[in-house]
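A look at the structure
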Amino acid sequence: FRELHELAGIGLTVAPILTRLLPTYSADGKENALWFFYWFEYHPAIPILMELSSETGVVGEYSAVVLRGMATRSDAAKRALAAALTARPWPDAFLKELNLQSVLGDDFKALTLGKTPSRPAKSTAPAQRSKPRRERSRSGK
């Protein structure tokens, strides 16, 4: 763990390598690499973290913990965490320990009711034109 913490100091060098290789590691290797992402936030790892969260056991739980940490600072991680939580059943004690209400807010309420998280509605109003168009005269010169 000390080595992983030290790797966070050179995170921009290590993170792409760990992200690319993470799915190929053994369970122990995945657990150790996930601790790196706990200390060093790297957004391109979010899809891999979502994929790993579908695994049962420690790897899936560590992935959810890392996503939860990232979700406090990133909307993309927040959406990923909400999706990961609806993808499979989680132990109630684990969900309680994550304190999801503080991170997901109203989206957490929807998750507990078995609904998908809400997304802001797109505007249906027509877009404003930046400059009015000038009509050309079609009459002869």
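Up top is the structure these notes are about.
Structure report, in brief. Quantities reported herein were computed from a predicted structural model and do not represent experimental measurements.

So, on to the pattern of salt bridges. Evaluation of the coordinates by the stated rule reveals two salt bridges. With a closest N to O distance of 3.0 Å, Lys30 and Glu55 form a salt bridge. Linking Lys30 in helix α3 (residues 27-39) with Glu55 in the loop between α4 (46-53) and α5 (58-71), this pair joins segments that are 25 residues apart in sequence. Exposure remark for Lys30: the relative accessible area of 10% places this residue in the buried category. Taking the relative accessible area as the measure of exposure, Glu55 reaches 27% and is therefore partly exposed. Between Glu41 and Arg73 there is a salt bridge, with the nearest N and O atoms lying 2.6 Å from each other. In this pair, Glu41 sits in the loop between α3 and α4 while Arg73 sits in the loop between α5 and α6 (75-87), placing the two residues 32 residues apart along the sequence.

The next point concerns the nonpolar core. Residues Leu22, Phe36, Phe37, Leu49, Leu67 and Leu81 are the most contacted members of the largest nonpolar core, which totals 32 residues. Listing elements by their share of this core, those giving two or more residues are α2 (11-21), α3, α4, α5, α6, α7 (92-98) and α8 (100-104). It is α5 that contributes the most residues to this core, six residues altogether. Not counting residues within four places of it along the chain, the set of residues in contact with Phe37 comprises Ala15, Leu18, Thr19, Leu22, Tyr42, Ala45 and Val66.

With respect to the helices and strands, the residue Arg68 is situated in helix α5. Salt bridges are absent for the buried Arg68, whose nearest opposite-charge side chain, Glu97, sits at 9.4 Å. Not counting residues within four places of it along the chain, the set of residues in contact with Arg68 comprises Leu81, Leu98, Asn99, Leu100, Ser102 and Val103.

Reading the values: rules and limits
Residues numbered from 1 in each chain as written. Predicted model: local features only at pLDDT ≥ 70, side-chain atom pairs only at ≥ 80, totals over all residues. Heavy atoms only, no water. Salt bridge = Lys/Arg side-chain N within 4 Å of Asp/Glu carboxyl O. Helix = DSSP H or I, 4+ residues; strand = E, 2+ residues; numbered from the N terminus. Buried < 20%, exposed > 50% of the residue type's maximum accessible area, 1.4 Å probe, protein only. Core = buried A, V, L, I, M, F, W, Y, C linked by side-chain atoms within 4.5 Å. Contact = heavy atoms within 4.5 Å. Lys, Arg positive; Asp, Glu negative; His and termini not counted.

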